Amino acid sequence: MLRAAKQITRHRGTNERITYLCSKIVTSTSNSYYSTLNQKKYKGGGKSNGWSKYFLAPRGPKGWTIPPSRGYGMIVARVLRGALKLRYILLGGAIGGGVTLNKKYEDWKDGLPDLKWLEEVMPKGEKWTQFSKALAEFGSSVKDVIEIDPRLKQLSEDKIAEWRRWFDTRLDDAIEAADYQGSTLNESKGEIKAKTTVTALSLSNDESRRKYEALQSQVENLQTEVINVQIKYQRELEKMEKENRELRQQFLILKQNKKTGTKKIKKSLIDMYSEVLDELTGYDSSYSMADHLPRVVVVGDQSSGKTSVLESIAKARIFPRGSGEMMTRAPVKVTLAEGPYHVAQFRDSDREYDLNKESDLSELRREVEFRMRASVRGGKTVSNEVISMTVKGPGLQRMVLVDLPGIISTMTVDMAADTKDSIHQMTKHYMSNPNAIILCIQDGSVDAERSNVTDLVMQCDPLGRRTIFVLTKVDLAEELADPDRIRKILSGKLFNMKALGYYAVVTGRGRKDDSIEAIRQYEEDFFKNSKLFHRRGVIMPHQVTSRNLSMAVSDRFWKMVRETIEQQADAFKATRFNLETEWKNNFPRLRESGRDELFEKAKGEILDEVVNLSQICAKKWEEALSEKLWDKLSNYVFENVYLPAAQSDSVNTMVDIKLRQWAEQSLPAKSVESGWETLQTQFLMLMEKARKSPDHDDIFDNLKLAVIDEAIRRHSWEDKAIDMLRVIQLNTLEDRFVHDKTEWDHAVKFLETSVKDKLDQTEHTLSEMMGPGQLTRITHWKSLTEDQSKRRHVKHELDKILRTDEKHLPTLSYDELTTVRKNLQREGVEVDTDYIRQTWFPTYRRHFLKQALHRAHDCRKAYYLYTQQGTECEISCSDVVLFWRIQQVIKVTCNALRQQVINREARRLDKEIKEVLDEFSEDEEKKAQLLTGKRVLLAEELIKVRHIQEKLEEFINCLNQEK
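Residues numbered from 1 in each chain as written. Predicted model: local features only at pLDDT ≥ 70, side-chain atom pairs only at ≥ 80, totals over all residues. Heavy atoms only, no water.

1. Some words on the sheet that holds strand β1 (residues 296–300)
To be explicit about the condition: Here the rule is simple: two strands pair whenever DSSP picks up at least two bridges between them. Helix and strand labels come from DSSP, where a helix needs a run of H or I of at least four residues and a strand needs a run of E of at least two; each type is numbered from the N terminus. Any pair of residues with heavy atoms lying within 4.5 Å of one another is described as a contacting pair. Working convention: axes come from line fits to C-alpha atoms, limited for helices to the stretch in contact. Angles between N-to-C directions cover 0 to 180 degrees.
Sheet architecture is open: nine strands sit in the order β4-β3-β5-β2-β6-β1-β7-β8-β9, paired in mixed fashion. A single partner strand is all that each edge strand has here, and the edge strands are β4 (353–354) and β9 (501–504). Relative to β4, strand β3 (residues 343–346) is paired through two bridges, and the arrangement is antiparallel. Each residue of the ladder has a partner; that of A344, found in β4, is Y353. Most of the contacts of helix α12 (residues 453–460) go to strand β7 (residues 437–443), to which it runs at about 160 degrees, and overall it touches β1, β7 and β8 (467–472).

Listed below in structure tokens is the structure:
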């Protein structure tokens with residue numbers, strides 16, 4: 001609206017100019033008409049034609065008379081100006097109304113609740129569409145559950161209605177004022193048009209007529225523009241009101257969800273008990289501790305229907321199925337609990353599977369199968385790792401069941417050799433718990449003598465005080481088996497095995513696609529119509545159907561829990577006391593810290609050392625980089641640049657060629673390699689320094705070394721660094737002139753130091769070839785070998801050649817080789833030419849380096865001579881210039897590498913170390929491997945036992961309250 005006001009103000013200035021122009025046109029026309037009348041008057045002999053009496057005017061200050069036609073033009077101009085003033089009043093009223101309306105809207109918007117926190121909650125960009133759809137679906141799902149406070153709703157509707165009435169009233173007033181002023185303007189325009197008709201008709205100037213029409217067109221366009229602005233403003237206001245209503249609804253929904261999410265959900269007894277069992281599983285996965293907490297253990301032969309019985313109790317087909325194939329490969333702990341919705345959830349997952357949807361059931365079965373196969377490692381067929389899941393639903397009996405792999409009598413070729421023994425051992429372990437309820441599953445469609453499970457059950461529970469026998473597939477047994485035999489089984493007279501109760505169930509019709517509802521209905525119909533179970537005194541009604549079985553098992557489970565839970569809690573309390581006592585005796589000044597806590601502490605120390613990399617001063621970085629870089633480059637400089645150039649006729653040209661090839665090919669990569677090794681060395685030095693501190697804990701050493709090694713192995717220098725270094729090094733090597741005496745002295749010192757180091761290496765090589773000297777042989781009782789003796793003779797002949805020609809080439813000619821061989825033969829030493837060349841190489845190297853060292857000494861005071869004569873200097877100092885250029889390259893390279901280390905590489909290394917630490921934190925096996933020792937193991941055991949004992953006490957308190 002303010003923008004429209006600015007446009008109107010701009011047009012207003014134009015209208016004033018147009019008004020002035022119109023007054024000029026009318027005045028000019030009137031003057032022209034008056035002049036015509038005067039001419040006619042003078043031509044008529046001074047007689048008046050009758051018009052002059054209408055235009056008599058008062059005299060001016062100088063006595064002249066105002067022409068009547070001009071006074072008429074001034075009247076027309078005043079009328080037109082008044083009409084335009086009325087237009088300004090109309091436009092000003094519209095602007096004032098719009099500004100007032102905008103201010104009222106801003107006050108209303110300021111009264112809304114602060115929604116800035118929604119910027120953090122609401123997604124941005126492309127995710128907004130997905131969020132809107134999800135929010136709409138959520139709103140439709142909870143619209144029948146969540147209701148907004150009627151008072152708040154009524155208050156909001158009343159306020160909006162009040163604003164709408166105020167806006168409508170204000171808009172009606174503005175429209176009425178506009179209509180009234182518009183009608184007044186039309187009347188004024190009509191009068192002006194009537195009064196100026198004569199004048200307009202008398203206009204002879206076409207250009208003036210066109211300007212007048214343009215004035216009318218601009219006035220009409222301005223009026224249309226104001227109306228469009230008002231309509232646009234009304235639409236924007238309605239749109240903002242609609243958005244405000246939607247945002248308010250979303251705010252109320254999110255506020256309600258926030259309040260709901262903060263409520264602490266009270267866990268059920270069965271959930272609390274299941275958590276205790278899960279903690280025990282993680283504490284004693286190797287079965288080394290006697291766990292005597294009650295649970296229902298489902299055992300049976302393979303394909304006896306034990307999984308189907310468990311599904312019937314859970315009222316959902318949650319397990320994968322196969323035709324004769326072993327499907328249960330690991331223990332599956334299923335916690336059954338009553339709830340409003342029939343859902344399943346794994347212990348280590350937040351996803352809930354809707355058991356009423358076939359798609360979720362299929363995904364659940366695939367997930368169970370995947371977890372079973374993933375738990376089997378090392379070529380095994382079965383695993384001891386427990387897969388824990390919870391099933392909730394209406395009418396489910398509260399209990400904890402463990403489904404075990406089926407017992408087999410024969411192994412197939414695709415099974416591991418110890419599969420049968422592993423299943424027997426696992427089944428015995430679970431059944432040997434004196435408080436475990438054994439749910440023994442027997443297939444009714446096969447001969448009872450073929451059963452393997454009954455013998456195991458009798459071994460673990462000979463008196464049958466905690467065994468419940470279940471006969472499955474009795475619908476098939478009725479058709480195939482002897483009825484009397486079935487009655488004996490269900491009455492406990494066929495087997496020597498004793499049990500608390502005997503039950504008969506039907507687990508399906510052999511169809512994989514049948515639902516649990518269809519199976520249970522088939523079961524009910526079968527037992528209603530079966531003649532086998534309707535004879536008097538044979539089977540009691542409570543001994544049939546899965547529903548009666550689940551109720552009996554649940555009652556027995558809770559009875560066992562109430563009888564034994566106190567005793568188990570006392571056992572864990574005693575274990576906790578023993579562990580705490582052992583900890584105090586061994587580590588009296590340390591707090592028991594588990595692996596997770598120790599890992600976090602080690603993580604902090606490692607990251608602190610990464611931060612300390614930035615605290616190393618620039619001088620130390622450059623010294624370390626320079627030392628590492630020259631260590632990598634020195635051999636190449638001597639072998640490929642310095643020695644070949646020194647033996648060339650044009651030394652400077654050869655040096656330029658060699659240096660350029662070096663800078664374009666291997667120098668940048670070697671520089672990056674040196675920088676990375678320096679970064680690694682400095683980081684390890686910081687770690688070693690931390691190890692020597694008094695408060696260092698050596699329990700973290702293995703973890704720190706493993707993390708650093710892995711991060712260093714992954715780290716690579718930034719790719720573009722090589723290209724950048726290549727440019728810098730090539731530009732530096734273009735400078736061939738030493739600029740001052742200080743740089744000259746540093747170059748000479750660098751040359752002497754490098755040559756001396758290389759000379760020491762050469763002397764060491766010759767010493768190994770020639771053997772110890774005479775003094776060493778006498779003092780240390782050593783002697784020369786045959787090869788060393790030959791080397792000494794060869795070296796003696798070669799020294800003669802070098803003494804004869806001090807500027808000898810680096811290679812021996814054929815004649816020289818022949819001469820050396822003949823001289824050695826006269827002395828009784830037989831050697832070949834290759835042997836002579838091998839001895840010549842270090843001998844000549846020593847000779848050359850001594851000469852280079854002598855030239856460097858001569859060039860110490862030759863700088864001013866060099867500056868005056870340049871390359872024509874009497875003393876050859878090209879060696880000094882070469883090493884000055886190399887020194888400059890090393891200097892700029894170290895500076896660039898230092899900046900890269902501080903600005904980029906240290907941060908990238910920090911990022912890679914964090915990634916490695918995050919990966920290690922998720923890998924329990926890795927942490928157990930790197931954080932080990934008696935202190936860690938004892939602390940871990942103490943923490944777990946303490947946690948289990950606390951959960952048991954919490955469960956016992958809730959159990960007593962339920963009683």
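2. A word on helix α25 (residues 786–804)
Where we set the bar: Expected span, for any helix, means 1.5 Å times one less than how many residues it has. With a 1.4 Å probe rolled over the protein chains alone, any residue whose accessible area is under 20% of its type maximum counts as buried; one over 50% counts as exposed, and the rest are partly exposed.
Across its 19 residues, α25 extends 28 Å between first and last C-alpha, which sits within 8% of the 27 Å expected from 1.5 Å per residue. Looking only at α25, the buried set comprises Q788, R791, V794, K795, E797, L798, D799, I801 and L802. Of the surrounding elements, those touching the buried residues of α25 are α23 (741–770), α26 (814–826) and α27 (833–858).

3. What about the environment of Q397?
As for its position among the elements, Q397 is in the loop between β5 (387–393) and β6 (399–403). Judged by relative accessible area, which is 24%, Q397 ranks as partly exposed. Linking Q397 and R547, residues 150 residues apart in sequence, is a C-alpha distance of 9.4 Å. Setting aside residues no more than four positions away along its own chain, Q397 makes contact with L336, S550, M551 and S554.

4. Quick word on the UniProt feature "coiled-coil region" (unreviewed entry) in the chain
Rules: UniProt positions are given in the numbering used here, feature names are shortened, and annotations may be inferred rather than shown by experiment.
As annotated in UniProt, the feature "coiled-coil region" (unreviewed entry) corresponds to residues 205–257 and 899–926 in the numbering used here. End-to-end, the C-alpha atoms of residues 899–926 are 36 Å apart, and along that stretch the chain is 96% helix and 0% strand.

5. Considerations on the side chain of E609
Under the convention used in this document: None of His or the chain ends enter the tally, which takes Lys and Arg as positive and Asp and Glu as negative. Should a side-chain nitrogen of Lys or Arg be within 4 Å of a carboxyl oxygen of Asp or Glu, the pair is scored as a salt bridge.
Note that E609 resides in helix α17 (residues 595–613). Buried charge without a salt bridge: E609, with K704 as the nearest opposite-charge side chain at an N-O distance of 6.3 Å. Contact partners of E609, with chain neighbours within four places excluded, come to F683, L686, M687 and A690.

6. Considering the state of the cysteines
Just so we agree on the cut-off: The definition used for a disulfide is geometric: two cysteine sulfur atoms within 2.5 Å.
Inspection of the entire model under this criterion finds one disulfide. What pairs with C859 in a disulfide is C877, and their sulfur atoms sit 2.3 Å apart. Looking along the S-S bond of the C859-C877 disulfide, the torsion reads about -105 degrees, which is the left-handed sense. Taken together, the residues span a long stretch of sequence, with C859 in the loop between α27 and α28 (863–869) and C877 in the loop between α28 and α29 (878–922) at a distance of 18 residues. Given the relative accessible area of 6%, C877 is considered buried.

7. Quick word on the packing of helix α22 (residues 720–733) against α29
What counts here: What sets the label is the angle itself: under 35 degrees gives roughly parallel, over 145 gives roughly antiparallel, 65 to 115 gives roughly perpendicular, and the rest give oblique. Each helix crossing is assigned a hand: it is left-handed if the near helix lies turned anticlockwise from the far helix by less than a right angle, otherwise right-handed if that turn is clockwise. Each residue receives one of three labels: charged for Asp, Glu, Lys and Arg, nonpolar for Ala, Val, Leu, Ile, Met, Phe, Trp, Tyr, Cys and Pro, and polar for the others, Gly being one of them.
In contact at an axis separation of 9 Å, α22 and α29 are set at 150 degrees when each is read in the N-to-C sense. Of the possible angle classes, the one that applies to α22 and α29 is roughly antiparallel. When the axes of α22 and α29 are compared, the crossing they make is right-handed. Taken together, the residues of α29 that come into contact with α22 (itself represented by A721, M724, L725, I728, Q729, T732 and L733) are R885, Q888, V889, V892, T893, A896, L897 and Q900. Looking at the contact of α22 with α29 residue by residue, the classes come out as nine nonpolar, five polar and one charged.

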